[in-house]
Amino acid sequence: MFPHAAGRHRVRRSVTACLPLAVLAALTGSATASAHDARHGQPTVTRTATLGDIPLGAFSNALLPGTVTDDHGIDLGGIGSDVYPAGRGGEFWTVTDRGPNGQIGVDGTKRRTFPVPGFDPAIVKIRVSGDTVRVLDAIPVTTSSGRPVTGLSNQRGRDEAPYSYDAKTPLAYDPDGLDTEGIVRAADGSFWLVDEYGPSLVHVSARGKVLTRYVPEGLGLTGTDYPVVEALPAVFLHRKINRGFEGLARLADGDLVIALQSPLSLPDTAAGNASRTTRLLRFSPGKRAVTAEYAYRFDPVDVVDPSEDDPSELKISSVVALGGDRLLVEERTDKAARLQSVRLTKRADILGGRYDDAATSPSLEQLDDPAVAGVPVLGKHLVVDLGKVTGVPGKIEGIARVDDDTLALMNDNDFGMTDGSGAFDAQGRLVDSGIRTTVTYVRLPRPL
């Protein structure tokens, strides 16, 4: 049984979470479509369901006993990194990210904190029932020998150095660590995940054991307790920190489409931050190889989010298969998001070309307009501007297709974490942000 979260330091109200793993309960809030919007053919929120308080230590230790000694008052969250239909109406597979983490400034530099370093990323099956999100099952992601992969940084000098919750104590790197993001389920019941560290594509068994981690050529990741295959283009070694692979879709033929969250840092960080061109990969599980690569062009940041003027805030967080070679791609900032429909064409394939060479100058990321420079860019058209839909929360990272005209959206609440020294009180307990994990249904005016 999971204990009640009573006595924890909360900004928000407490909700009972004393249920077994297969029936973990949650509650609060709902939203319905307005009659006015429905009549006038506007996208509308038809339902909002909320996950309640489930102590993170109890959740984790039920999966892998003894992994969490102190959860610092943090509840289960972060399961909105992605969402994938589980087959039955209202049921979805989701995946946590690497776990609670934040940043605290020390001597003029920001340190990456991991308040619960023993947390193990998990695949979480949920059911939306009325205004409640219920956890039906959870599968820990483990190594070949059954150890937790953890969410800790992999490589010194490449990934951010990990620290304790107060940024005072260095933590050990973990080559097995995964910053999990996208999820799809294969026909054989196994799962595919993407990871931001490598960046990586990760094949996981139906019970969560890592079967293979596919990484860029030249990564040189050693010391893992699972197989690592360098099968992705080496240029992806230049991913921006914390902006590796984020979106994942499974096409009808079984191929996978992987989305890089933000433009590569080519030739340097400044170029990546200024760029509006990111990349998608097509991967064949049968061939165990990348078969195509595509350039994807973001809209200007102030079009995606009128309150933002920094192009480095642009991200892809979710890609959804729409049938054939069509995809729904989410362009977002933390406050707003727009969903675009694209078609993956052979003409747009840039795999193995000059822009896969990190020495190419100017790089793909530096081109003011890749199409003018002769680079094929995926064509797109706007499906919905979620920033203009009343009732859609911020930081939507997971999107699933419910039916021809309905989408399920999940936000990433970052486990209630905020950055800065005020994230925890004097007793080391979380000062919760009050942001809840929600599933929001949006009905579109036209079928996808």
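Residues numbered from 1 in each chain as written. Predicted model: local features only at pLDDT ≥ 70, side-chain atom pairs only at ≥ 80, totals over all residues. Heavy atoms only, no water.

### Some words on the layout of surface pockets
At step 1: What the largest pocket holds in volume is close to 750 Å³.
At step 2: Among the residues making up the lining of the largest pocket, the classes are represented as four nonpolar, nine polar and 20 charged. (1 Å grid on protein atoms, 1.4 Å probe; cavity = no way out; pocket = protein on both sides within 12 Å on 5 of 7 lines; lining within 4 Å. Points joined across faces, edges and corners; volume = space filled by probe spheres on them. Nonpolar A, V, L, I, M, F, W, Y, C, P; charged D, E, K, R; others polar.)

### With respect to the packing of aromatic side chains
At step 1: Following the criterion strictly, the structure yields eight aromatic pairs and no others.
At step 2: Look at Tyr214 and Phe283: their rings are 5.0 Å apart centre to centre, the planes differ by 55°, and that puts the pair in the tilted class. Within this pair, whereas Tyr214 is found in strand 12 (residues 210-216), its partner Phe283 is found in strand 16 (residues 277-284), the two being separated by 69 residues in sequence.
At step 3: Residue Phe283 is classed as buried on the basis of its relative accessible area of 0%.
At step 4: Aromatic side chains Phe236 and Phe245 sit 5.7 Å apart centroid to centroid with 55° between the ring planes, which places their arrangement in the tilted category.
At step 5: Among the residues examined, Phe236 registers a relative accessible area of 0% and is labelled buried.
At step 6: Taken together through their ring pairs, the aromatic side chains of Trp192, Tyr214 and Phe283 make up a single cluster.
At step 7: Directly above the aromatic system of Tyr441 lies the positively charged group of Arg47, at a separation of 5.2 Å from the ring centroid. (Phe/Tyr/Trp six-rings, centres within 6.5 Å; stacked < 30°, edge-to-face > 60°. Helix = DSSP H or I, 4+ residues; strand = E, 2+ residues; numbered from the N terminus. Buried < 20%, exposed > 50% of the residue type's maximum accessible area, 1.4 Å probe, protein only. Lys NZ or Arg CZ within 6 Å of the ring centre and 35° of its normal.)

### Quick look at the pairing of strand 12
At step 1: When you tally the buried positions in strand 12, you get six out of seven residues, the bulk of the element.
At step 2: Connecting strand 11 (residues 200-204) to the antiparallel partner strand 12 that follows it, the hairpin turn spans five residues, and Gly208 within it adopts a positive phi of roughly 95°.
At step 3: Relative to strand 13 (residues 228-232), strand 12 runs parallel, the two being bridged by four bridges. Directly across from Tyr214, in strand 13, lies its bridge partner Val229. (Pairing = 2+ DSSP bridges.)

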